[in-house]
Amino acid sequence: MRIFSWITKDTNINFMGAKKLTYAISIVSFLLSVVLIAVKGFNFGIDFSGGILMEIKSEQPLDLTEIRNKLESVNIGEINLQTIGDKGNELMIRAEADNLDEEAQRIAVKNIKEVLGSGLEYRRIETVGPQVGDELKIAGSIASLIAILAISAYIWIRFEWQFAFGALLGLFHDVIITLGLLSLFGMDFSLTTIAAILTLAGYSVNDTVVTYDRIRENLHKFTKMPQEVLLNKSINDIFSRTLLTGFSTILAALALLVFGGDTLRSFAFTIVWGVVVGTYSSIYVSAVILDLFDLRKTQEASQNVNPFGNVE
């Protein structure tokens, strides 16, 4: 298509010229995200916080005040009501109920149905005990950390340690800033969100590996070219591919964000943002940081050590 023809052309952008500015942006964004996570925390979903989640639908618009008054008679802790869609006839009921065991939660669900009366369609009912929620928090954190470290270990084997350092830095950059945004906007943080974070980590490292492959190829091809110029050329070589891949991924994720409903909103938002920040970090974190090292010297020293690297 002619509208995208400029993307497929060779670019000559001075990415390295903006490295000081992007260093500052990345560091400030990272620190702000850490502060947000520490101070504001997350809006944990039912998976992690424990409690009761119910989605109901009625033929007529629902009166939130009336429903809240009815639910006051059920002793289940703080209750949050959230309308779904734009017709006003779908509602999400979230009750903390974190002081109730599983049997007590089942009784609470029964009581909620009784006080709300008939004529409602219960589209979704979930109950999670507080102990299970804590276990899922730990398991999700461990799974994410192991995935990031495993990816970095692979890059260390595939390339050299400087590349692994850049990839690890980029992954932590993407994950922490994404977590900071989720905290800032108070979006639902659940197991689905963890899956989205692991997906964005995979997307980010895929972009990074493509960039690293081109950098290593150009190190062989242009033996006299200054390193900063070579890094700039390598990023420009794959920039059109990066844009096209990112654009097509964002289109699919935007469809989920717009039409996926409240259940998928956090997942889709994380994917959309992950594509943006992953594309940014593959250039301005993982690639640009390599200019701090003497790549040619390191590559020459590792030629007889790394069985996966330096393949002509």
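Scoring rules and cut-offs
- Residues numbered from 1 in each chain as written.
- Predicted model: local features only at pLDDT ≥ 70, side-chain atom pairs only at ≥ 80, totals over all residues.
- Heavy atoms only, no water.
- Axes fitted to C-alpha atoms, helices over the stretch in contact; angles between N-to-C directions.
- Helix = DSSP H or I, 4+ residues; strand = E, 2+ residues; numbered from the N terminus.
- Parallel < 35°, antiparallel > 145°, perpendicular 65-115°, else oblique.
- Left-handed = near helix turned anticlockwise from the far one by under 90°.
- Contact = heavy atoms within 4.5 Å.
- Buried < 20%, exposed > 50% of the residue type's maximum accessible area, 1.4 Å probe, protein only.
- Pairing = 2+ DSSP bridges.
- Polar contact = N/O pair within 3.5 Å; in protein donor to acceptor, adjacent residues only side chain to side chain.
- Salt bridge = Lys/Arg side-chain N within 4 Å of Asp/Glu carboxyl O.

## Description of the packing of helix 7 (residues 191-221) against helix 9 (residues 239-259)
- Put simply, helix 7 and helix 9 touch, their axes get as near as 11 Å, and they point 165° apart. Comparing the axis directions of helix 7 and helix 9 gives the class roughly antiparallel. The chirality of how helix 7 crosses helix 9 is right-handed. Two secondary-structure elements touch here, helix 7 through Tyr203, Asn206, Asp207 and Val210 and helix 9 through Arg241, Thr242, Thr245, Gly246 and Thr249.

## Side note on the pairing of strand 4 (residues 90-95)
- With five of its six residues buried, strand 4 lies for the most part within the structure.
- Judged from the six bridges that link them, strand 2 (residues 51-57) and strand 4 form a sheet pairing that is antiparallel. Among the inter-strand pairings, Glu55 is bridged to a residue of strand 4, identified as Met92.
- Direction of pairing for strand 3 (residues 79-84) relative to strand 4: antiparallel, over a ladder of six bridges. Note on strand 4: the bridge partner recorded for Ile79 is Ala95.

## Considering the environment of Arg123
- Mapped onto the secondary structure, Arg123 falls in strand 5 (residues 121-128).
- Using a relative accessible area of 44% as the deciding quantity, one classes Arg123 as partly exposed.
- C-alpha of Arg123 to C-alpha of Lys57: the two residues are 66 residues apart in sequence and 7.1 Å apart in space.
- Excluding residues within four positions of it along the chain, Arg123 makes contact with Glu55, Lys57 and Glu90.
- Looking at Arg123, its side chain comes within polar contact range of the side chain of Glu90, at 2.4 Å.

## Points about the side chain of Asn232
- Checked against the element boundaries, Asn232 lands in helix 8 (residues 227-237).
- Apart from residues lying up to four places away in sequence, Asn232 is in contact with Ile13, Asn14, Phe15 and Met16.

## So, the pattern of salt bridges
- With the rule as written, the count across this model stands at 14 salt bridges.
- One salt bridge connects Glu217 with Lys221, and the closest N-O pair in it is separated by 3.5 Å. Taken together, the residues span about one helical turn, with Glu217 and Lys221 both in helix 7 at a distance of four residues.
- Judged by relative accessible area, Glu217 falls into the partly exposed class, the value being 37%.

Keep in mind that these numbers describe shape and distance, not what the molecule does.
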